[in-house]
Amino acid sequence: MPLTGREAELARLDGLIGRAGGGVPVIVAVRGERGIGKSALLEAVAARAADAGFRVGAAAGGPAVRDSLFAVARQALGRPDDGADTLEGYVARGRDVMARTPLALCVDDLMDVDASSARWLVALASLDRPVPLLLVAAAGDDPGSGRTAGAAELLARAEHLELTGLPEAGVAEFAARHCGLTLDAAAAAVCHELTGGNPGLLLAHLAGRPGTAVTARELRGAAGPEALRCTRRWLDDLPRPALAMARAVAVLGDSAEVTHAASLAELPVPDALHAIDTLVARQVLANRVPPAFRHPLLGTAVLAGMPVGSRIAAHLEVARFMRDEQWGAERVAQQLAAAGPTGLDWAVEPLRTAARKLLHEGRAEEASRYLRCVLRDRLPADVRAAVRRELAEAETFVDPDLALSELDTLLRESEDPEVCAELALDVAGMLIDRARPADAASVLDETAGRIGAGHPAAVRRLTLRKATVSLLDVAGPSAEARRLADAPEPADGARSRELANLRAAIAADRGADREAALAPAREALADAAGGDLGRLWQSCAALIRADELVEARAHCWRTGRLSRAMSGRRAGLAADIFRARICRVTGDLPGAVAILRPVVEEIGPGSTALPTVTGFAVAGLVEALAQLGDQDEAAALLAAHGPAGHGPDDDRYGRYEGPYLLAARAALWRLRGEPGRAAADLLAAGRQLVRRGAVSPAILPWRSRAALALAADGAADRAETLAREELEAARRWGTPRTIGVARHALAMTRQGERRLTLLTEAVRHLEASPARLELAVARADLGAALRAAGRTAEADRESAAALALAGECGATPLARRLRAAPEPVPAHDKPVRTHPLLTPQELKIAGLARSGHTNRQISQMLFLTMRTVEFHLSGVYRKLGIAGRQGLAGAIPAEPSAEPPEDLARPSVQPADGRSRHAAPEPCSCSRALPPGTPCSDTPVRPSRWHDGPRPAELRPSASR
């Protein structure tokens, strides 16, 4: 067999060849399991020795020569000149050869060499003077494998060269060189797992594969005929107890405890232990507990060699035992699936239970296999329908088209109205996932007509879902959806929550009343199941738009934890997108990338299963990467996952997720210094949002972003008009974030003192919001405006604060812009502290705790609750591996100027009226004329929820999640 991956072994043997050629006898024992390549290595050594001028003698032991006289010696050098088969004659012959030229003897299967030849080899190696002799012998990996005294003595005196399996990285090269096959990383890993990198097993497992590429799935299937023939050599001549034990271990798999295997093999435990020792010596089982095959491919061969009736009976016996001993549904299901259709009533439930568990773990393909096993048996009609529904859901990610077809067929076959309604909702959900809301509405409408007025509850559910589906249409909510949202409806459980979700979505899109969106959103999410994608998508989005981030994050966490498979898996992906959106709102750009990158990788480019979810994930990731300054990866993502065209009117941009993709691409245009193209994309996004009635600036502040781009491109008048429209819409919605963003955009369309005034108001509003990145940009622009006005000291303070915020957010382009200013940020300003294990918020809290501040003092300094401070400190201790505060001194550097101020301990810091100093309204300098003493309606007041909940840094996901 040609050699692959043996460069180190050959280099060592080259050195030994040189030493033997210099007159120093060398004995080498090449050890390793069957198929590891010992014979191939001997052939390579023989060729190299011949090239070095050696006389090469090759021989092999074996059953055919084991009882012969000097059979191996005769193979290696021929008979002595006198023709006498005596030890002295063969030794003399070897001595004569070595007198003329160095001698290399390559002996395969040393343990099966005849006894007389073994004595001859020992005698040659023991000559009383140095001789140019290289003796390379192949032996098994059992130290006691020498069958004769001479072979055992040679093994004791030899240098040992241990051959192990090829590394995983060498498997693909082996397949290409010896089998003409291309293996990707996953297929190479499966090959290595099944064969341990054993070249003989690899060659057998890959032989006869059609085509030039093999997938991991194909390799995990049944072993081919060549593999079975190869592995049977490991099993030939096994004693009956050993073969029975091997079969028991093969049936039990990972559950092969000794007592269970002995019972299945019908052997007493002492006999079973002896059989295990035999199998270990024959290199069939690994030398460990519990018993397991040395390579999984051997277990496959043992199972394939069992009579089919015996194999099924064994699997069923093990399944019953595991069920009775409560080993878990998944282990029972493994045995039942291996047994095939059995007609046993009790087998259905373990298979379905195991499938559900696998679904929640994201292992849809395995779940599908178990459900198909259930369907192979005869089942009652209602059970069969339920299993087919579960199978269709399981195959959404395996084969979306097949899953949709199966569900649709089941819907048409079903006659029960309630079952029809559930199936119609499932089919509609899959169609929505595939960006086909019109088809989803048709299915719901058709099913409602088929059920008829005799089942009003089911029809009502379908009608409400159809109204919700219309929210995804590019034309906006249907007239029926608007009517349902505006009409009073009684509360009656799930139907009420569906209606609440519809109302929350429409109110959030209209943007006229924040509370009108918040109340129904909370109602819709109350007791929401983990897999309810519709309610999570609409109502959780409303919470984020209203800046109720702590509440939204709790729903996302619960959804992601409860279900990560199929309908639940879809909801889990949506939860990840919203978690990333929360990170983006709070300015945590690295956190958003850390969440979204695995989502995009999991779905994969070109996926047709979840195009809408993919679009939102790609849009969020591209925007975050652009703001981090990584334009290459952002552009590559758009090329791989985005629309085929480049214009804002491309088909993909016209879908529900289109405005977000356009906004993401606009961020990339801004990073590349092309504000005109950015403005064109943002205006196209705005047209689509307005067309479907989504006018709230909290959805996507396209007017503000377009105004900034237009202002940078010299179109100040158009920019001012957009900014004013945005500010009016933001005032109606009422959150400091939207008002601050709009004021900032309006400020950048003005000059001089008016710009300064508007920027100051924007900063004040954004300080009362979670939008740290927008605050950083506004402060950077305010610093530049102050510097232009000659107010250098104030400009330095704002620029330094902006630089610190940019560092916390990871906004490299913004930080680069600040550092490149004509007058750089003063060096005496406090730098942003970082730590490789801690988030900025954790580091800040840990630094204050290290300096002696109490939890209460820290909570007052950072406007956090005591519980939040305790939560962060617990995380710090866990990440740093310390027991408590006493370990902080050695784990993190001291916080500069962190002495606890005396006023924190005194209650006199509060105003005389007892109100919080952060809760009083601040004066407003907006342009509207108001009566004296009348506060402006958009004056920023720090919401109490912002002090009672986590600060923005806390919303960053931990590394363990």
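Residues numbered from 1 in each chain as written. Predicted model: local features only at pLDDT ≥ 70, side-chain atom pairs only at ≥ 80, totals over all residues. Heavy atoms only, no water.

Counting its regular elements, the chain contains 47 helices and seven strands. Sorting the 961 residues of the chain into buried and exposed places 53% on the buried side. Carbon and sulfur atoms form 53% of the exposed surface of the chain, whose accessible area is close to 41,200 Å². (Helix = DSSP H or I, 4+ residues; strand = E, 2+ residues; numbered from the N terminus. Buried < 20%, exposed > 50% of the residue type's maximum accessible area, 1.4 Å probe, protein only. Areas by Shrake-Rupley, 256 points an atom, 1.4 Å probe, with all protein chains shown as cover.)

Over its 14 residues, helix α34 (residues 658–671) extends 20 Å from the first C-alpha to the last, a length consistent with the 20 Å expected when each residue adds 1.5 Å. With 12 of its 14 residues buried, α34 lies for the most part within the structure. Buried residues of α34: Gly658, Pro659, Tyr660, Leu661, Leu662, Ala663, Ala664, Arg665, Ala666, Ala667, Leu668 and Trp669, and no others. (Expected span 1.5 Å × (residues − 1).)

Let us now look at the pattern of salt bridges. Counting across every chain of the model gives 49 salt bridges. The partner of Arg388 in a salt bridge is Glu413, with the nearest N and O atoms 2.8 Å apart. Residue Arg388 is found in helix α20 (residues 381–394), and its partner Glu413 is found in helix α21 (residues 400–413); the two are separated by 25 residues along the sequence. Residue classification places Arg388 among the partly exposed positions, given a relative accessible area of 24%. Across the salt bridge formed by Glu623 and Arg584, the nearest N and O atoms sit 3.5 Å from each other. Of this pair, Glu623 sits in helix α32 (residues 611–628) while Arg584 is found in helix α30 (residues 566–585), placing the two residues 39 residues apart along the sequence. (Salt bridge = Lys/Arg side-chain N within 4 Å of Asp/Glu carboxyl O.)

A few words on the packing of aromatic side chains. Under the definition given, this model contains five aromatic pairs. Here Tyr90 and Trp120 contribute two aromatic rings whose centre-to-centre distance is 6.4 Å and whose plane-to-plane angle is 65°, an arrangement assigned as edge-to-face. In this pair, Tyr90 sits in helix α4 (residues 87–100) while Trp120 sits in helix α5 (residues 115–125), placing the two residues 30 residues apart along the sequence. Residue Tyr90 shares its accessibility class with Trp120, and that shared class is buried. Considering the side-chain rings of Phe321 and Trp327, the 5.5 Å spacing of their centres and the 65° angle between planes classify their relative orientation as edge-to-face. Take Phe321: its relative accessible area is 29%, and that puts it in the partly exposed class. (Phe/Tyr/Trp six-rings, centres within 6.5 Å; stacked < 30°, edge-to-face > 60°.)

Here we take up the environment of Asp781. Relative to the assigned elements, Asp781 resides in helix α40 (residues 772–788). Accessibility expressed as a relative area gives 11% for Asp781, which makes it buried. It is 9.9 Å that separates the C-alpha atoms of Asp781 and Thr760, two residues lying 21 residues apart in sequence. In contact with Asp781, not counting residues within four places along its chain, are His744, Met748, Leu759 and Arg817. (Contact = heavy atoms within 4.5 Å.)

Glancing now at the sheet that holds strand β5 (residues 159–162). The sheet built from five strands is open, its strands ordered β2-β3-β4-β1-β5 with parallel pairing. Across the chains shown, the open sheet's two edge strands, defined by having one partner strand only, are β2 (55–60) and β5. Between one strand axis and the next, the sheet turns by 15° as a mean value, whatever way the strands run. Pairing of strand β1 (residues 26–31) with β5 involves four bridges; the strand directions are parallel. (Pairing = 2+ DSSP bridges. Axes fitted to C-alpha atoms, helices over the stretch in contact; angles between N-to-C directions.)

Most peptide bonds are trans, and most residues other than glycine sit at a negative phi. Put simply, Val289 and Pro290 share a cis peptide bond, and its omega is -5°. Its place among the elements puts Pro290 in the loop between α14 (269–281) and α15 (296–304). Residues other than glycine seldom take positive phi values, yet Asp109 does so here, at roughly 50°. Residue placement: Asp109 occurs in the loop between β3 (103–108) and α5. The backbone of Asp547 shows a phi angle near 65°, a positive value even though the residue is not glycine.

All right, on to the confidence of the model for the chain then. On average, residues of the chain carry a pLDDT of 81, and 85% of them reach 70 or more. The secondary structure element of the chain with the lowest average pLDDT is helix α47 (residues 944–948), at 34, and the one with the highest is helix α38 (residues 736–747), at 96. In the predicted structure, residues 563–568 sits below a pLDDT of 50 and forms 26 contacts with residues beyond four places in sequence or in another chain. Residue range residues 825–832 is modelled with pLDDT below 50. Its contacts to residues more than four positions away, or to other chains, number 12 contacts. (pLDDT = per-residue confidence, 0-100.)

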